[in-house]
Amino acid sequence: MSHQVCLLSGDGIGPEITTVVQEVVKAAGVDIQWVPCQAGLSAFEKYGDPLPQETLDNIRQTKVALKGPLATASGKGFRSVNVALRKELQLYANYRPARTLKGVPAPFDDVDLIVVRENTEGLYSGLEHTVIPGVVESLRVITEVGSRRIAKFAFETARSLGRKKVTCIHKANILKLSDGLFLDTCNDVAKDYPDIQYDDCIVDAAAMKMVMNPHQFDVLVMENLFGDILSDLASGLVGGLGVTPSGNLGTDAAVFEAVHGTAPDIAGKGLANPTALLLSSTMMLKHMGETAAANQIESALFSVLEEGKTLTGDMKGSATTSQFCDAIIAKLGTS
Ligand code: NAD
């Protein structure tokens, strides 16, 4: 079966790692017609808009996109394309598994947890204003509708993957109204899933517990800012941002991306590690029903990582991005 997928190559190392994904997916025999779409710095320079309408229209049509990292200036310049994409396409659920990979140096063994982050509300609602010069206010928006749909997503994900427990992460002891609503809503949704254990944990304690003993967690669900921070913490438990995938899912579209940035220090040098984007692409293939090919790519990738002979510099190896890619392709169908 042929699929159409929007491809946002991204900035910095983006084009190098998206090329690897295209080659590996092709070698695995999946027929994808990639629809190139502009976003980020290149789109801003060309069209004066970092997220052109045409890109949004294309993603709405194909319903699936793969995205490389995009450069965003801090405190000035154009709006964050990542935040805008999530809001425009209502990609309300950010799904970030963090799993130990044999061969990838990490502080723990056998970590296997999933962070589910609400992607459209909280402090990322983009509602900021200057009250008087020198005083600014950012609104942290939590709604019952938004909390319910992310809680349902977390429980449905847990159920479909055979996971045992969902933990709601919050700060309802201090943010009594906003996080109180989030926690109450999660508690309510949990009643519909008696087959899945449920508990809750205050965010600061959760951060400490994840670092001390990550094995006590399974699926964690939380609002936007806490999810941004704890999902990176979860990545750190399994070897860092270079090896963790992510999916942004909504009712009408899904955008899969690596969670690391554009790595400007190594861009264009053939040193980038494509593992995170490759794992994001296997998540995408499973979403599209190409589970067998996704499993085949994962086996080949895991086997190259475990062998440890052809690794990129960030994984303490000396292989180039294309040598790493070739090693994975050579393993396809053999592992
Ligand atoms: P970064 O993730 O780009 O880089 C941090 C460090 O990790 C660098 O040393 C880099 O070389 C290394 N690194 C990252 N990904 C790697 C990979 N795949 N292989 C090997 N090494 C890798 O973070 P940053 O420097 O804070 O951000 C740079 C730019 O990326 C900024 O403009 C930022 O806004 C943007 N950014 C985008 C996204 C996204 O699009 N999802 C996420 C984070 C940062």
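Student: I tried to follow the environment of Val 259 on my own but got confused; where do I start?
Tutor: With respect to the helices and strands, the residue Val 259 is situated in the loop between β12 (254-258) and α9 (275-287). Between the alpha carbons of Val 259 and Pro 69 there is a distance of 7.5 Å; along the sequence they are 190 residues apart. When near neighbours in sequence (up to four residues on either side) are disregarded, Val 259 contacts Arg 96, Ser 235, Leu 241, Thr 244, Pro 245 and Ser 246.

Student: Just checking my understanding: could you explain the site of the ligand for this structure?
Tutor: The immediate surroundings of the ligand are formed by 20 residues, with Leu 70, Gly 261, Ala 263, Asp 265 and Asn 273 found nearest. Asn 273 is positioned with one of its backbone polar atoms (N or O) 2.9 Å from a nitrogen atom of the ligand. For the ligand, the protein covers 65% of the area, taking 810 Å² as the surface of the free molecule. Among the residues making up the shell around the ligand, the classes are represented as 10 nonpolar, 6 polar and 4 charged.

Student: I tried to follow the sheet that holds strand β5 (residues 112-118) on my own but got confused; where do I start?
Tutor: One key point about sheets: their strands pair by backbone hydrogen bonds, in either a parallel or an antiparallel sense. An order of β2-β1-β3-β12-β11-β4-β5-β10-β8-β9 is seen for the 10 strands of this open sheet, with the pairing classed as mixed. The open sheet has two edge strands with one neighbour each: β2 (31-36) and β9 (197-202). Going across the sheet, the axis of each strand differs from the next one's by a mean of 25°, ignoring polarity. Two strands pair when backbone bridges link them, and strand β1 (residues 2-8) and β2 are joined in this way by 6 bridges, in the parallel orientation. Among the inter-strand pairings, Val 5 is bridged to a residue of β2, identified as Trp 34. Contacts between helix α5 (residues 144-160) and the sheet are confined to β4 (93-99), β5, β8 (165-170), β9, β10 (219-222) and β11 (245-249), with β5 contributing the most and set at about 160° to the helix.

So, how was this worked out
Residues numbered from 1 in each chain as written. Predicted model: local features only at pLDDT ≥ 70, side-chain atom pairs only at ≥ 80, totals over all residues. Heavy atoms only, no water. Helix = DSSP H or I, 4+ residues; strand = E, 2+ residues; numbered from the N terminus. Contact = heavy atoms within 4.5 Å. Near = heavy atom within 4 Å. Polar contact = N/O pair within 3.5 Å; in protein donor to acceptor, adjacent residues only side chain to side chain. Areas by Shrake-Rupley, 256 points an atom, 1.4 Å probe, with all protein chains shown as cover. Nonpolar A, V, L, I, M, F, W, Y, C, P; charged D, E, K, R; others polar. Pairing = 2+ DSSP bridges. Axes fitted to C-alpha atoms, helices over the stretch in contact; angles between N-to-C directions.

Purely geometric stuff here, so don't read any function into it on its own.
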